[in-house]
Amino acid sequence: MKRFCLSFIGVIFSFVVLAQVQPGDPWFGESCTSIMAGKAATVDGSVITAHTCDGNYRTWLRMEKAAEHADTATHKVYKGTLHTETPGDMRKVELAGEIPQVAQTYAYLNTAYPSMNEKQLAMGETTFVGPDTLVNKNGMFLIEELQRVALQRTDNARDAIRLIGELIKTYGYGDWGECITIADKHEVWQMEILGAGPDEIGGVWAAQRIPDDHVGISANISRIGKIDRKNEDYFMASENVEEVAKKYGLWDGKDDFVFWKAYADREKPFMIREFYVLSTLAPSLNLSMEMDELPFSVKPDEKVSLQTISELYRATYEGTPYDMTQNIKMVKKRYEDRKVVGEDTIISPVAHPWPTGDLRNTINYLAPGTIEFQRTVAVSWCSYSHIIQLRDWLPDEVGGVAWFSFDNPAESPRIPIFAGTSDLPESFNYCGQKRYREDAALWDYRKANKLATVNWGKTKDTMEEAVLWFEEKAAGELPLVENKAAELLQEGKKEETAEYLKNYTRDFESATKNRWERLEARFWEMFGRGF
């Protein structure tokens, strides 16, 4: 049994929990998780795509307006927009090129990786890297710019995939291996994209639809297998996927072509996050980490809800063999009349599921093998996350809703942002990653979250209670919001609808901000004499 000096570990937790992710950490490069659900897999018939933006990415966001454009207008394509501090910040942003503009563009939610438009088209994103031999930095488009253009110009997943494919072929793809999970109010697809090599402007890509009664996940690993081009309802691909794989020695041309085997640069197409999510939703399949391959998607044993997906995004594998806190223990004495009457070995209250590399190395130095790193779904270095519901029985303005959170998704509340809103709270215009700034929404939540993390055993229940309170509040209020918005739209009051939805999001955000300020004060009161 491994025992540690509580005070020593407490000091270590207090100064390393705020550390930034470093390249030497084993999770470096595993920066996003996207969970998808078809409409027949959800309890209410909504289509879901989601995204955690894990890492040091910008946290400002705003709604970009729909617009009409002249015949001679062009659209500017940039590189470097993922790390800006405000919408107008152009430091280290470069113009990659220009393409012809279309007559009309849709309004869309401008997050670091653009995520939802006014027509209930939505996207998540994860990087799977792939072979470095395929990267062509001269390609015009990075993944976030492909998302932006598709959200501005298309209103359904299939057209978005086709447009992205055309843009890649015409102007070139300049990014690493990327996956975007593209959903509309009827279906959801997983699209995986790579370059075609340093000497070719273009790219390779494949897309596979998640069956309507299934749930899927992309978590930084290519997942698409065999491509059945004849089944156009479920597969799309660039015409060069086999050719490029043969050219670079990624496929011998003899065995069946399997996309992930050629392009994933991995031994198998899953790790802990894919296994945890799919096995949790479909335990009857008896999936295991020892399998060579997991299903691309699974039919859940029970239909999933927004709450189900939210819970998965809070997952740290507590109570499983993959729980990183399970060996961080201490002896707690029991007293009666100031006399010791017994001892219990418990998980230390300073143990938490997001230990940095420095902390893991220190504890494992004291007691080798105490912490085996696992990449949890929820991470403390998350910039923001969203779960987007798309619902075909509601008007687009209120049918599309992004449940948005800043910082660690296991500790932060989710704020509803509607597809038809006119604006977002003022604090959403500022990124909090480059420095501490009180006008940035990120810090409204991060301060309490980091304090809670230092002594998680004593704060976990309080944080969960607060998160779930707002989850229940939203569930209770949303039908009223939807009905009111629908009434306004039936009366032809489109601008009033947008204002109403904006105000609801603003009021909801204000309530969460006030609650997290109280939590911060409460934790300082708890730990004022030390952690």
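Here the structure is a predicted model, which means the values were calculated and not measured.

Trainee: Help me get a handle on the pattern of salt bridges, residues and values and all.
Mentor: One pass over the full model with this rule turns up 31 salt bridges. With a closest N to O distance of 3.8 Å, K447 and E520 form a salt bridge. Within this pair, whereas K447 is found in helix α10 (residues 441-454), its partner E520 is found in helix α12 (residues 494-527), the two being separated by 73 residues in sequence. The class for K447 is partly exposed, based on a relative accessible area of 25%. Taking the relative accessible area as the measure of exposure, E520 reaches 19% and is therefore buried. Through salt bridges with shared partners, a single ionic network connects E85, D89, R91, R435, R437 and D439.

Trainee: How would you sum up helix α2 (residues 143-153)? Please name residues and give values.
Mentor: Among the 11 residues in α2, 11 count as buried, and that is most of the element. The set of residues buried in α2 consists of I143, E144, E145, L146, Q147, R148, V149, A150, L151, Q152 and R153.

Trainee: Mind laying out the confidence of the model for the protein, listing which residues take part and the relevant values?
Mentor: On average, residues of the protein score 94 in pLDDT, and 95% of them reach the 70 mark or higher. Here residues 1-28 is modelled with pLDDT under 50, and outside its nearest four sequence neighbours on either side it reaches 62 contacts, counting other chains as well.

Trainee: I'd love a proper account of the nonpolar core, names of residues and values included.
Mentor: Ranked by internal contacts, the top residues of the largest apolar core, which has 134 residues, are I182, I193 and Y263. In terms of residues, this core owes the most to one element, helix α11 (residues 456-490), which gives 9 residues. Non-local contacts of I182, meaning those with residues more than four positions away in its chain, are made with L121, A122, M123, A157, A160, I161, I164, E187, V188, W189 and M191. Membership of the second largest hydrophobic core comes to 6 residues, among which are M324, I328, A351 and I371.

Parameters and conventions
- Here the residue numbering is sequential within each chain, running from 1 through the sequence in written order.
- For this predicted model, a pLDDT threshold of at least 70 governs which residues receive local features, and a threshold of 80 or more governs which side-chain atom pairs are given and counted, while totals over whole chains, interfaces and linings are taken from all residues.
- Note: side-chain values were computed over all heavy atoms of the structure, leaving out hydrogens and water.
- A carboxyl oxygen of Asp or Glu within 4 Å of a side-chain nitrogen of Lys or Arg is what we treat as a salt bridge.
- Starting at the N terminus, helices and strands are each numbered in turn, a helix being any DSSP run of H or I of at least four residues and a strand any DSSP run of E of at least two.
- We call a residue buried when its accessible area falls under 20% of the maximum for its residue type, exposed when it is over 50%, and partly exposed in between, using a 1.4 Å probe and counting protein chains only.
- As a per-residue measure, pLDDT tells how confident the predictor is, with possible values from 0 to 100.
- Contacts are assigned to residue pairs that have any heavy atoms within 4.5 Å of one another.
- Take the buried residues of types Ala, Val, Leu, Ile, Met, Phe, Trp, Tyr and Cys, join any two whose side-chain atoms come within 4.5 Å, and each joined set is a nonpolar core.

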